[in-house]
Amino acid sequence: MNILDAIVVLLNYVIIPATSYGAQLALGALGVTLIYGILRFSNFAHGDTMAFGTAVTILITWAFQAAGITFGPLPTALLALPLGIAVTALVLLFTDRAVYRFYRRKKAAPVILVIVSMGVMFVMNGLTRLIIGVQDQNFADGQRFIINAFQFRKMTGLAQGLALRTTSVITLLTAIIVVAALFWFLNHTRTGKSMRAFADNEDLALLSGINPERVVTVTWLLVAGLATTAGVLYGLDKSFMPFTYFQLLLPIFAAAVVGGLGNPLGAIVGGFVVAFSEVMSTYAWRMVAAYVLPRSLVPGGLMQLLTTDYKFAVSFAILVAVLLFKPTGIFKGKSV
Amino acid sequence: MGAPFLIGEKMTGGYGAADILHDCTIAVEKGEIAVIVGPNGAGKSTAMKAVFGMLTLRHGQVRLDGEDITAFSPQARVAKGMAFVPQTDNVFLSMSVEENLEMGAFLRRDDIRPTMARIYDLFPVLKEKRRQAAGELSGGQRQQVAVGRALMTQPKVLMLDEPTAGVSPIVMDELFDRIIEISRTGISILMVEQNARQALNIADKGYVLVQGANRYTDTGEALLADPDVRKTFLGG
């Protein structure tokens, strides 16, 4: 029995990866939830918006690298991120003017807007593949580890080594900064409050003189920021492939729905709930068991509930269960 | 006395093909209270919405301070100094009392604190609960938030659609007292009410509507004294 080694294994394979994945999902779900709250539809193009924003950021990163610009020990992509967000914002605003506004003026039902967003999804999807290709792209540079397993073992004398990757820490820090900034914006600025008012009661917002087109524009700008940041962090942490981002739509929606659609706090909690469920149910617990249980009780199998191939089943199961038993989610969002 | 401050004159119109209002006229003088009463389905709220531009008129005119505003959108009328408190969904439930008031003043660029202080003087309970979400308040308190939000625009006319719907008689009396107080500051008040007797009591002018047309129009006092009105609409 060795509790310390068990904790290190748990940190390495469950807590650290699930926390950074949770932060990425939370940022993605925040974008989905903002659009649901303000524009009142589920945006199926969100995964591909993340992919597009990331693809643009990668191209700018390569340009920076070619020009010899780096960010020291941090990934160059973080320098390219603001530019990637700007380009994504322009594309989203163009999409809104060219597509969504037409349906908004017609006061189209939310379900029609969902279908429209699927159309946008296919276009974005194609655009991304056209720009950067379908293959896997690895664009992380800078220092790889803050603590690596070898140093850790030497330092502590434990059998298990703790590895803390730079991208995990960057993901968490960036997510905290972005979320804090978003909440400050929504709760303390005139524009942010008008967005909440518009989401709360559209008719009364109009009676108060709030301009709906301005609220919509600001929403798309925020969504561009959130989606691109989420996409870049995910890409740095793992790797970038357009198809993976399309698949991310499921856990992201699961996260937004678990927390309560339209509720920003819910999106964050939902992101971590989904991430931890996914990681914990696809992790082989045998190694942890071997450290905490007496030898005679350690089972022969891997103690893995699902293979990682089935990880999307976890989000899907959560989504179905929430919609069946608590459709408004943890934080009482809007029922779907 | 010249032309009334706000008048919807000979309004005819409805939501679809059928007209709900027929040659209906509603007016309010500066600093006075006008009340629209009548049986269910008489078109009271519709008349109010017509004055506020929430339905298209086939005939008739709406004039504010002599200016024809018939073609103005509700939002444009807000900018012109009209404020409207809907009957339901009239507060931002998820936002605090103070934020509700701030949203009322959204179009203003000057210092809104004096107006907010006046509203807190008018409704002291709101000051106490200013950090609480409006959705957590009682019906009567919510109604106060709704009126407060509308007053934040510094309107010249305040329009209230059944402000006492669903509140207790005590709260209703208090709300009426506040409405009188508001009108004394020079704000004209146009209101639709179910509680006809109490409303006519505080009204300078009363309009009894039946089937979308004016049936009786007089001072509140005179209407209350009119045996026909009493028998038909006030239950004897």
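Going by the structure above, here's the rest.
Residues numbered from 1 in each chain as written. Chains lettered and ligands numbered in written order. Predicted model: local features only at pLDDT ≥ 70, side-chain atom pairs only at ≥ 80, totals over all residues. Heavy atoms only, no water.

Visitor: Before we move on, could you go through the overall build of chain A and cite the residues and values that matter?
Guide: Helix and strand counts for chain A stand at 13 helices and two strands. With respect to the three principal axes, the spread of C-alpha positions in chain A is 70 × 55 × 40 Å. Classification of the 336 residues of chain A by burial places 52% in the buried group. Working note: accessible area of chain A is about 14,800 Å², and carbon and sulfur atoms make up 71% of it. Mean positive and mean negative side-chain charge positions of chain A (23 and 12 charges, respectively) differ by 4 Å. (Helix = DSSP H or I, 4+ residues; strand = E, 2+ residues; numbered from the N terminus. Buried < 20%, exposed > 50% of the residue type's maximum accessible area, 1.4 Å probe, protein only. Areas by Shrake-Rupley, 256 points an atom, 1.4 Å probe, with all protein chains shown as cover. Lys, Arg positive; Asp, Glu negative; His and termini not counted. Charge placed at Lys NZ, Arg CZ, Asp CG, Glu CD.)

Visitor: Run through unusual backbone geometry, naming residues and quoting values.
Guide: Residues and elements named next belong to chain B. Residues other than glycine seldom take positive phi values, yet K10 does so here, at roughly 45°. Tracing the sequence through the fold places K10 in strand β1 (residues 6-13). Phi is positive for D23, which is not a glycine, with a value near 55°.

Visitor: Talk me through the packing of aromatic side chains; I want residue IDs and the actual numbers.
Guide: Residue and element names in this part refer to chain A. For the structure shown, the criterion picks out 11 aromatic pairs over all chains. Look at F44 and F253: their rings are 5.4 Å apart centre to centre, the planes differ by 35°, and that puts the pair in the tilted class. Of the two residues, F44 is situated in the loop between α1 (3-39) and α2 (46-66) and F253 in helix α10 (residues 242-259); the sequence distance between them amounts to 209 residues. Accessibility expressed as a relative area gives 10% for F253, which makes it buried. Consider the rings of F102 and Y103, whose centres lie 5.0 Å apart with planes at 85°: the pair is edge-to-face. On the basis of relative accessible area, F102 is assigned to the partly exposed category, the value being 45%. (Phe/Tyr/Trp six-rings, centres within 6.5 Å; stacked < 30°, edge-to-face > 60°.)

Visitor: Can you tell me about the sheet that holds strand β10 (residues 213-218) of chain B, naming the residues and giving the values?
Guide: Residues and elements named next belong to chain B. One open sheet accounts for six strands, arranged β6-β7-β8-β3-β9-β10; its pairing is mixed. Of all strands in the sheet, those with a lone pairing partner are β6 (82-85) and β10, marking the two edges. The sheet shows a mean angle of 15° between the axes of neighbouring strands, direction not considered. Contacts from helix α6 (residues 139-151) reach β6 and β7 (157-161) within the one sheet, and its direction differs from that of β6 by about 165°. (Pairing = 2+ DSSP bridges. Axes fitted to C-alpha atoms, helices over the stretch in contact; angles between N-to-C directions. Contact = heavy atoms within 4.5 Å.)

Visitor: I'd like to hear about the pattern of salt bridges, residue by residue, with values.
Guide: All names here are of chain B. Counted under the stated rule, the structure contains 18 salt bridges over all chains. Between D111 and R113 there is a salt bridge; the shortest N-O distance is 3.1 Å. Its relative accessible area of 42% is what places D111 among the partly exposed residues. Residue R178 is joined to E174 by a salt bridge in which the shortest nitrogen-to-oxygen separation is 3.5 Å. Taken together, the residues R178 and E174, both in helix α7 (residues 169-184) and four residues apart, mark about one turn of the helix. (Salt bridge = Lys/Arg side-chain N within 4 Å of Asp/Glu carboxyl O.)

As far as function goes, none of this settles anything; it's purely spatial.
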